[in-house]
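The lines below spell out each chain.
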Amino acid sequence: MGRKKIVVTGGAGYIGSHVAIALWQAGYEPIIIDNFSNSEHRIIDGIKSITGQDVVLHEGDCADQDFLIKVFEKEGVVVGAMHFAAFKAVGESFDKPLEYYHNNIGSLIFLIKAMQESQCRNLVFSSSATVYGEPDELPVTELSPQKLALSPYGNTKQICEKIIEDAAKSGMPLKSIALRYFNPIGAHPSALIGELPLGMPNNLVPVITQTAAGIREKLTVFGNDYDTPDKTCVRDYIDIMDLAEAHVDTLVYLERIKEDNCFDAINVGTGQGHSVAEVLEAFQRINNVKVNFVIGKRRFGDIAKLYANVKKAELVLGWKAKYTIEESLKNAWKWQLAL
Ligand code: UD1
C-alpha cells in the first residue's frame, strides 16, 4: 500500500519543511505546495537529501482557488492538509494589512473549499500564541480568554481559527486542530534545512546567529526595564524538531477520532520561559562564540512574559517537547554556518 498523502502548504518554509520531513519519517507522503515568496528551492533540495527521496512539489499560490483545486484533483486521495502558507512578519503586517488579510485568510478559505471538493477531512492549522494577545495569567492555557491581538498578523490568526471553527460547526465534514506555536527556534540537526529569513530578520534567534556570523553588526536587546527577573522579555522557545513532531501527532490524532466535524486548539511550547538575556548567554556559551549587543528601547507591541501551559498537548496528543534550549541554539548556529 502506498503512503497516505498529506498536502503541506508552505512546505518550503521554515516550519513546513521540517514538518514535511517528519511526515515522511512517520510513513506519510508530503505533497508540498509553495510559491517561494519567502523561501528558496535549496530547502526542497535539503528535504530530498534528508529523506533520500524525491519530493512532490506544486509551485503556486494558495490564494488561487483554481490552482488549489487542481492540485487536489491531480493528487487523488489526500488524507489531510497542513496549512503553513501565510505571511508572518508582525511589523510588516502593520504596513501591509490588506495583503495580510487577503493572503492569510483567503488561502485558508480556498484550502478548506479544495479539501471539501476532494473529500479531504483532516486539517492541521498553523496558529500562534499571538492569538492570546496580552494574557492576564501565566502560563497561558487554551482556555485563557483571547484578548485583542496586537497586530494585523495576530488578527489573521484569530480570524482563521474562528473560520475553521465555524466551518466545522456548520456540519461540513472537517476535523481540525489549530496548533498555537510559541517561539519556534533551531534547525534540523543535519544543517541541511533551517530558517531563511529574507532581509532583516524579525525574530530573536536569527538576529543572534547573523550577528555572531558577522552579517549584522549587533543585536539590539529590546528593553531591559520589563517586570521580569533580569528585566528582559521572557518567551517560550520551542525547537522546530519538536514542533514538527507535534504536527504528526496531531494528524494521527485527527485520523483516529470518530467525529465527522470538530475543531480544537492546542498550545505547542515547552512550558518554560527564557529571557532574552538567557537566550543570548546560552547561545554564546554552547557555541563558544561572541555576540555583540546593545540594550535598546522596548519594541512596540512586545509583552513582558509569555509561556505556555502544555498539559493539553500531552494529554490529547501524547506529545511533549524534548529538546533543550542549548540543543536548539546549537542547531541554529550549525545552520547559520552552513549558510
Ligand atoms: C513574534 C510574534 C508571534 C510570532 C513569532 C514568530 C507577537 C506578539 N509575537 O513573537 O506571533 O509567531 O514572532 O514569528 O505577535 N528581541 C530582541 N531583539 C531582536 C529581536 C527580538 O530583543 O532583535 C526580543 C523581543 O523583544 C522578544 C524576544 O526577543 O522579547 C522574541 O522576539 P521574536 O523572536 O520577535 O518573537 P515574539 O515577538 O515573541
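Residues numbered from 1 in each chain as written. Predicted model: local features only at pLDDT ≥ 70, side-chain atom pairs only at ≥ 80, totals over all residues. Heavy atoms only, no water.

Asker: What should I look at first to understand the nonpolar core in this one?
Answerer: Generally speaking, nonpolar side chains in soluble globular proteins are found buried as a group. By size, the foremost hydrophobic cluster in this structure holds 31 residues, and its most contacted members are I15, L23 and M82. Listing elements by their share of this core, those giving two or more residues are β1 (4-9), α1 (14-25), β4 (78-83), β6 (175-181), α8 (240-256), β11 (262-268) and α10 (311-317). Looking at this core, the element that brings in the most residues is α8, giving 8 residues. Residues within four places of L23 in sequence aside, it is in contact with I6, V8, Y28, P30, M82, V248 and L251. (Core = buried A, V, L, I, M, F, W, Y, C linked by side-chain atoms within 4.5 Å. Buried < 20%, exposed > 50% of the residue type's maximum accessible area, 1.4 Å probe, protein only. Helix = DSSP H or I, 4+ residues; strand = E, 2+ residues; numbered from the N terminus. Contact = heavy atoms within 4.5 Å.)

Asker: So what exactly am I meant to see when it comes to the site of the ligand here?
Answerer: Inspection of the region around the ligand gives 19 residues, with L204, T220, R235, R299 and D302 positioned closest. In the model, an oxygen atom of the ligand is placed 2.6 Å from a nitrogen or oxygen of the D302 side chain. Broken down by secondary-structure element, the contributors of at least two residues to the shell around the ligand are α7 (204-212) and β8 (219-222). Broken down by element, the residue count for the shell around the ligand peaks at 4 residues, all from β8. (Near = heavy atom within 4 Å. Polar contact = N/O pair within 3.5 Å; in protein donor to acceptor, adjacent residues only side chain to side chain.)

Asker: So what exactly am I meant to see when it comes to the packing of α1 against helix α2 (residues 41-51) here?
Answerer: When two helices pack together, their arrangement is given by the angle between their axes and by how far apart the axes lie. The N-to-C vectors of α1 and α2 enclose an angle of 25°; their axes lie 10 Å apart at closest approach. Between α1 and α2, the angle is such that the two are roughly parallel. Of the two possible hands of crossing, α1 and α2 adopt the one that is right-handed. Contacts between α1 and α2 pair S17, A20, I21, W24 and Q25 from the former with I43, I47, I50 and T51 from the latter. Looking at the contact of α1 with α2, its residues break down into 6 nonpolar, 3 polar and no charged. (Axes fitted to C-alpha atoms, helices over the stretch in contact; angles between N-to-C directions. Parallel < 35°, antiparallel > 145°, perpendicular 65-115°, else oblique. Left-handed = near helix turned anticlockwise from the far one by under 90°. Nonpolar A, V, L, I, M, F, W, Y, C, P; charged D, E, K, R; others polar.)

Asker: Hey, could you run me through the sheet that holds strand β5 (residues 122-128) in this one?
Answerer: Sheet strands line up and pair through hydrogen bonds in the backbone, either parallel or antiparallel. The 7 strands lie next to each other as β3-β2-β1-β4-β5-β6-β11, forming an open sheet whose pairing is parallel. The open sheet is flanked by β3 (56-59) and β11, the only strands paired with a single partner. On average, each strand axis in the sheet is tilted by 20° relative to the strand beside it, whichever way the strands run. Taken strand by strand, α1 contacts β1, β2 (28-34), β4 and β6, and its axis lies near 160° from that of β2. The strands touched by helix α5 (residues 97-117) within the sheet are β1, β4 and β5, with β5 carrying the most contacts at an inclination of about 170°. (Pairing = 2+ DSSP bridges.)

Asker: Even after reading the chapter, I still don't get a nonpolar patch on the surface, so can you show me in this structure?
Answerer: Residues V90, F94 and F300 make up a contiguous nonpolar surface patch of about 330 Å² in total accessible area. In this fold, F300 is placed in the loop between β13 (293-296) and α10. Classification of F300 by relative accessible area gives exposed; the value is 72%. (Patch = residues over 30% accessible without salt bridge, like charges linked within 9 Å, V, L, I, M, F, W, Y side chains within 5 Å. Areas by Shrake-Rupley, 256 points an atom, 1.4 Å probe, with all protein chains shown as cover. Salt bridge = Lys/Arg side-chain N within 4 Å of Asp/Glu carboxyl O.)

Asker: Would you mind going over the environment of P184 with me for this structure?
Answerer: The topology assignment puts P184 in strand β7 (residues 183-185). Considering only alpha carbons, one finds P184 and G80, 104 residues apart in sequence, at a separation of 23 Å. Aside from chain neighbours lying at most four places away, what touches P184 is Y14, I15, I238 and L243.

Asker: Explanation requested: the packing of aromatic side chains in the structure shown.
Answerer: Both the distance between ring centres and the angle between the ring planes are used here to describe each pair of aromatic rings. Scanning the model with the defined rule gives 4 aromatic pairs in all. Seen from their ring centres, F94 and F300 are 5.8 Å apart, and the 65° between their planes marks the pair as edge-to-face. Of this pair, F94 sits in helix α4 (residues 90-95) while F300 sits in the loop between β13 and α10, placing them 206 residues apart in sequence. With relative accessibility at 37%, the residue F94 sits in the partly exposed group. Between the NZ or CZ atom of R3 and the centre of the ring of W24, over which it lies, the distance is 3.5 Å. Here the basic side chain of R298 rests over the ring of Y226, its NZ or CZ set 4.0 Å away from the ring centre. (Phe/Tyr/Trp six-rings, centres within 6.5 Å; stacked < 30°, edge-to-face > 60°. Lys NZ or Arg CZ within 6 Å of the ring centre and 35° of its normal.)

Asker: Would you mind showing me how to read the pattern of salt bridges here?
Answerer: Close approach of charged atoms allows side chains of opposite charge to pair. Applying the stated criterion across every chain, the model contains 15 salt bridges. One salt bridge connects R180 with E161, and the closest N-O pair in it is separated by 2.6 Å. Highlighted residues: R180 in strand β6 and E161 in helix α6 (residues 152-169), separated in sequence by 19 residues. The burial state of R180 is the same as that of E161; both residues are buried. Of the charged contacts, one joins D302 and R299 as a salt bridge, the two residues approaching to 3.1 Å between their closest N and O atoms. Three or more residues joined by partner-sharing salt bridges are found here, namely K162, E165 and K169.

Asker: Which parts of the structure should I look at to understand unusual backbone geometry?
Answerer: It is generally the case that most residues other than glycine have a negative phi and that most peptide bonds are trans. Geometrically, the link from L138 to P139 is a cis peptide bond, its omega value of -10° lying close to zero. Within the secondary structure, P139 sits in the loop between β5 and α6. Positive phi values are uncommon outside glycine, yet Q119 reaches one of about 60°. For Q119, the position within the fold is in the loop between α5 and β5. Positive phi is not limited to glycine here, since K231 has a value of about 75°. Within the secondary structure layout, K231 lies in the loop between β8 and β9 (234-235).

Asker: Explain the side chain of H18 to me, please; I cannot follow it from the model alone.
Answerer: Here H18 lies in helix α1. Given a relative accessible area of 2%, H18 falls into the buried group. Here Y14 takes part through its backbone oxygen, which lies 2.7 Å from a polar atom of the side chain of H18. Once residues within four sequence positions are removed from consideration, H18 is found in contact with A187, H188, I193, G194, I240, M241 and A244.

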